[in-house]
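The chain contents come next:
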Amino acid sequence: MPLFVIVRHGQSQWNLENRFTGNVDTPLTDLGRHEAREAGILLKDDRFGIGFTSELQRAIETMAIILQETGQTDLPIQRNAALNERMYGDLQGMNKDEAEQRFGAEQVFRWRRGFTDRPPNGENLADTYNRVIPYFESTILPCLQAGKNVLVAAHGNSLRTLVMKLEAISPEDIEKVELATGIPRQYNFDPTTGSFDLLPK
């Protein structure tokens, strides 16, 4: 069965600084590059047919490092803004602790983890879902249906929407899902049923 692997980019500079990053194009830290190398080591025995990233450098570099570790630097890669991190609006660049002091911890949690709560002038997770999933269904899924192993390097929230779709997670339960930086999440795709089976870590 085709393999589908998603990886959240390694630690970025604004992750390190505990800021809301959103679609600001911040680079990886040295730790982030190390996390990407570790992801590549975990995937070294897997051969991919195509890769997908967002248009943000932290995802692009994470993909490049993984492919270097796996010896697949010639893998065709498609970049698309549909996979970009959600836009956090007025929160972008703000320290998360400062945001909690200003708006309250409960409100910040709903903005970060909830499905429908929208930060001021930003996207909620539903907005992100509504751009990621159509791209997945029109562009990524056909590659799996054609029998290719697929690797995606993207972002916490854009990938949470994919996890929500693939694992049939409800809007209420997606609040509990957190994807760590640089840790591959792997699925077997069954072309007959169209189902995705999460593989053990």
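Residues numbered from 1 in each chain as written. Predicted model: local features only at pLDDT ≥ 70, side-chain atom pairs only at ≥ 80, totals over all residues. Heavy atoms only, no water.

Novice: Quick one: what's the story with the pattern of salt bridges, residue by residue and with numbers?
Specialist: Under the criterion given, the structure shown has 13 salt bridges. The partner of Arg8 in a salt bridge is Glu178, and the shortest N-O contact between them spans 3.6 Å. Of the two residues, Arg8 is situated in strand 1 (residues 3–8) and Glu178 in the loop between helix 7 (156–166) and strand 5 (185–190); the sequence distance between them amounts to 170 residues. Arg113 is the partner of Glu178 in a salt bridge, and the nearest nitrogen-oxygen pair spans 2.1 Å. With Glu178 in the loop between helix 7 and strand 5 and Arg113 in helix 5 (residues 105–113), the pair connects residues that are 65 residues apart, well separated along the chain. Overall, Glu178 belongs to the partly exposed group, its relative accessible area being 46%. Arg113 sits in the buried class, given a relative accessible area of 11%. Connected through shared salt-bridge partners, Arg8, Arg113 and Glu178 make up one network. (Salt bridge = Lys/Arg side-chain N within 4 Å of Asp/Glu carboxyl O. Helix = DSSP H or I, 4+ residues; strand = E, 2+ residues; numbered from the N terminus. Buried < 20%, exposed > 50% of the residue type's maximum accessible area, 1.4 Å probe, protein only.)

Novice: Can you explain the sheet that holds strand 2 (residues 50–53)? Please cite residues and give values.
Specialist: Judged by pairing direction, the sheet is mixed, and its six strands sit side by side in the order 3-2-4-1-5-6 without closing on themselves. Two strands in the sheet have a free side with no partner beyond their single neighbour: strand 3 (77–79) and strand 6 (195–198). Neighbour to neighbour, the strand axes of the sheet diverge by 25° on average, direction disregarded. Here strand 2 pairs with strand 4 (residues 150–154) via four bridges, running parallel. Following the sheet pairing, Gly51 is matched in strand 4 by Leu151. Seen against the sheet, helix 3 (residues 57–70) touches strand 1, strand 2, strand 3 and strand 4 and runs at an angle of roughly 140° to strand 4. Against the sheet, helix 7 touches strand 1, strand 4, strand 5 and strand 6, its axis set at about 145° to strand 1. (Pairing = 2+ DSSP bridges. Axes fitted to C-alpha atoms, helices over the stretch in contact; angles between N-to-C directions. Contact = heavy atoms within 4.5 Å.)

Novice: Can you lay out the nonpolar core for me, pointing to particular residues and giving the numbers?
Specialist: Counting 32 residues, the largest nonpolar core has Phe4, Phe52, Val150, Val152 and Phe196 as the members making the most contacts within it. For this core, the elements supplying multiple residues, two or more each, are strand 1, strand 2, helix 6 (125–145), strand 4, helix 7 and strand 5. If one sorts the elements of this core by residue count, helix 6 sits on top with ten residues. Discounting chain neighbours no more than four positions away, the residues touching Phe4 are Phe136, Ile140, Leu144, Val150, Val152, Leu162, Leu166, Arg185, Gln186, Tyr187 and Phe196. (Core = buried A, V, L, I, M, F, W, Y, C linked by side-chain atoms within 4.5 Å.)

Novice: An account of the pairing of strand 4 is requested, with residue identities and associated values reported.
Specialist: Among the five residues that make up strand 4, five are buried, leaving the element largely enclosed by the rest of the structure. Pairing of strand 1 with strand 4 involves five bridges; the strand directions are parallel. Pairing of Ile6 across the sheet is with Val152, part of strand 4.

Novice: Explain the layout of surface pockets to me, using residue names and the numbers behind them.
Specialist: A volume near 270 Å³ is recorded for the largest pocket. Lining the largest pocket are 20 residues, and of these Arg8, Asn15, Glu85, Lys96 and Arg112 sit closest to its centre. With three residues, helix 7 is the largest single contributor of residues to the lining of the largest pocket. Considering only residue class, the lining of the largest pocket consists of three nonpolar, eight polar and nine charged. The calculated volume of the second largest pocket comes to roughly 170 Å³. Together, Leu42, Ile183, Pro184, Arg185, Gln186, Leu198, Leu199, Pro200 and Lys201 line the second largest pocket. Grouping the constituent residues of the lining of the second largest pocket by class yields six nonpolar, one polar and two charged. (1 Å grid on protein atoms, 1.4 Å probe; cavity = no way out; pocket = protein on both sides within 12 Å on 5 of 7 lines; lining within 4 Å. Points joined across faces, edges and corners; volume = space filled by probe spheres on them. Nonpolar A, V, L, I, M, F, W, Y, C, P; charged D, E, K, R; others polar.)

Novice: Tell me about the UniProt feature "site: Transition state stabilizer" (unreviewed entry) in the chain, and name the residues and values.
Specialist: Listed under "site: Transition state stabilizer" (unreviewed entry) in the UniProt record, and renumbered for this structure, are His155. In this structure His155 touches Arg8, His9, Ser54, Leu56, Arg58, Ala59, Leu83, Asn84, Glu85 and Arg160, once residues within four positions along its chain are discounted. (UniProt positions renumbered as here; feature names shortened; annotations may be inferred.)

Novice: Would you mind going over the packing of aromatic side chains in detail, with residue names and values included?
Specialist: A full pass over the atoms with the stated rule returns ten aromatic pairs. Where Phe115 meets Tyr129, the ring centres are 6.1 Å apart and the plane angle is 80°; that geometry is what we call edge-to-face. Taken together, the residues Phe115 in the loop between helix 5 and helix 6 and Tyr129 in helix 6 connect sequence positions 14 residues apart. The exposure class assigned to Phe115 is buried, which follows from its relative accessible area of 16%. You can call Tyr129 partly exposed: its relative accessible area is 22%. Ring geometry for Tyr187 against Phe196: centres 6.3 Å apart, planes inclined by 90°, an arrangement best described as edge-to-face. Overall, Tyr187 belongs to the buried group, its relative accessible area being 0%. An aromatic cluster is defined as three or more aromatic residues linked by ring pairs; in this entry it consists of Phe4, Phe136, Tyr187, Phe189 and Phe196. The ring centre of Phe20 lies 5.6 Å from the NZ or CZ of Lys96, which sits over that ring. (Phe/Tyr/Trp six-rings, centres within 6.5 Å; stacked < 30°, edge-to-face > 60°. Lys NZ or Arg CZ within 6 Å of the ring centre and 35° of its normal.)

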